[in-house]
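Residue-level structural notes
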Amino acid sequence: KKGLFVAGSRRLGKTEAEASWTMYHTTLFKGTQNVIVGGDEGDLGLIKTKIDFGNPLVWEGLQKPKLDNDWRKPMIKFGWKTKDGDNITWSHVVLRNVAKGLNTEGPAGVTSKSYVGDEVAKYAFAQSFESAKPSFITKRGWGAYPFLCCTGGNAEMFADAERFFYHPEANNFVTY
């Protein structure tokens, strides 16, 4: 019932882990909205590429194909097409570009099963994270487990990430 914050080290596979975390929830949990938040389209694009690469490799008994081919949409459907060409939606991936932290309400209003915050040291992410938290707080604690990642970032924008990283217990994240 806690979040996970992974920082540092290039080539650790953080983007692959973010895509896998999102698609794990998208694949296994029907009717879910799985949120990916990023500070710009470039960083979000890397995760989209990893999802497009990995999802077709999932065993076909579990695979939920992407029904929308346009990643510019804010919500992408995953599921199946019937023989008649109709969509049967299983779950969604919701993309939110918070514009370097200026769009603080970007992830608000979505009921998250999973939540990924990508490259959170590149922008002031705390306000957008706080706007998303009500969507995953339940009577028994968090219903979605946020996964925040960063490699490094702008020295002026790093304050939120530094606070979360060095004080995980104050933010309900796993301690290290």
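Residues numbered from 1 in each chain as written. Predicted model: local features only at pLDDT ≥ 70, side-chain atom pairs only at ≥ 80, totals over all residues. Heavy atoms only, no water.

The secondary structure content of the protein amounts to 4 helices and 8 strands. Along the protein, from the amino end to the carboxyl end, the secondary structure elements read β-α-β-α-β-β-β-α-β-β-β-α. Relative to the globule expectation of 16 Å for 176 residues, the C-alpha radius of gyration of the protein, 16 Å, shows essentially globular dimensions. Put simply, the protein has 176 residues, and 44% of those count as buried. Taking the contacts inside the protein whose residues are at least 6 apart along the sequence as the reference set, 64% of them involve residues at least 24 apart. Surface summary for the protein: the accessible area is close to 9400 Å², and the carbon and sulfur share equals 55%. (Helix = DSSP H or I, 4+ residues; strand = E, 2+ residues; numbered from the N terminus. Rg over C-alpha atoms; globule rule 2.2 N^0.38 Å. Buried < 20%, exposed > 50% of the residue type's maximum accessible area, 1.4 Å probe, protein only. Contact = heavy atoms within 4.5 Å. Areas by Shrake-Rupley, 256 points an atom, 1.4 Å probe, with all protein chains shown as cover.)

Comment: phi is negative for the bulk of residues other than glycine, and the bulk of peptide bonds are trans. Within the chain, Glu-119 stands out as a residue other than glycine whose phi angle is a positive 45°. Within the secondary structure layout, Glu-119 lies in the loop between β5 (112-117) and α3 (126-132). The phi dihedral of Asn-172 is positive, around 65°, even though this residue is not glycine.

With that settled, consider the nonpolar core. Counting 22 residues, the largest nonpolar core has Phe-5, Tyr-115, Val-120, Phe-125, Phe-129, Leu-148 and Phe-164 as the members making the most contacts within it. Mapped onto this core, the elements with two or more residues apiece are β2 (33-38), α3, β8 (145-150) and α4 (159-166). Top contributing element to this core by residue count: α3, with 3 residues. Those residues in contact with Val-120 that lie beyond four places of it in its chain are Phe-5, Phe-125, Leu-148, Cys-149, Cys-150 and Ala-161. Listed in part, the 14 residues of the second largest apolar core include Ile-47, Trp-71, Phe-78 and Leu-95. (Core = buried A, V, L, I, M, F, W, Y, C linked by side-chain atoms within 4.5 Å.)

This brings us to the layout of surface pockets. If you add up the space inside the largest pocket, you get close to 360 Å³. In this structure, the largest pocket is lined by 17 residues; those nearest its centre are Arg-10, Lys-14, Thr-15, Glu-119 and Thr-151. Looking at the second largest pocket, its volume works out to about 170 Å³. In this structure, the second largest pocket is lined by Glu-16, Ala-19, Ser-20, Met-23, Tyr-24, Thr-27, Lys-50, Ile-51, Gly-54, Asn-55 and Val-58. (1 Å grid on protein atoms, 1.4 Å probe; cavity = no way out; pocket = protein on both sides within 12 Å on 5 of 7 lines; lining within 4 Å. Points joined across faces, edges and corners; volume = space filled by probe spheres on them.)

This paragraph deals with the pattern of salt bridges. A full pass over the atoms with the stated rule returns 8 salt bridges. Two residues, Lys-133 and Glu-130, come together in a salt bridge whose shortest N-O distance is 3.5 Å. Residue Glu-130 is classed as partly exposed on the basis of its relative accessible area, which comes to 40%. (Salt bridge = Lys/Arg side-chain N within 4 Å of Asp/Glu carboxyl O.)

In spatial order, the strands read β1-β8-β5-β2-β4-β3; together these 6 strands make up an open sheet with mixed pairing. Taken across any chain shown, the strands that pair with only one partner, and hence form the sheet edges, are β1 (4-7) and β3 (75-81). The sheet shows a mean angle of 15° between the axes of neighbouring strands, direction not considered. Bridge count between β5 and β8: 4 bridges; the pairing is parallel. Bridging from a neighbouring strand, Ser-114 pairs with Tyr-145 of β8. Sitting on the sheet, helix α1 (residues 14-28) is in contact with β1, β2, β3, β4 (87-97), β5 and β8, with an inclination near 170° to β5. Its contacts with the sheet put helix α2 (residues 41-54) on β2, β3 and β4, and the angle it makes with β2 is roughly 140°. (Pairing = 2+ DSSP bridges. Axes fitted to C-alpha atoms, helices over the stretch in contact; angles between N-to-C directions.)

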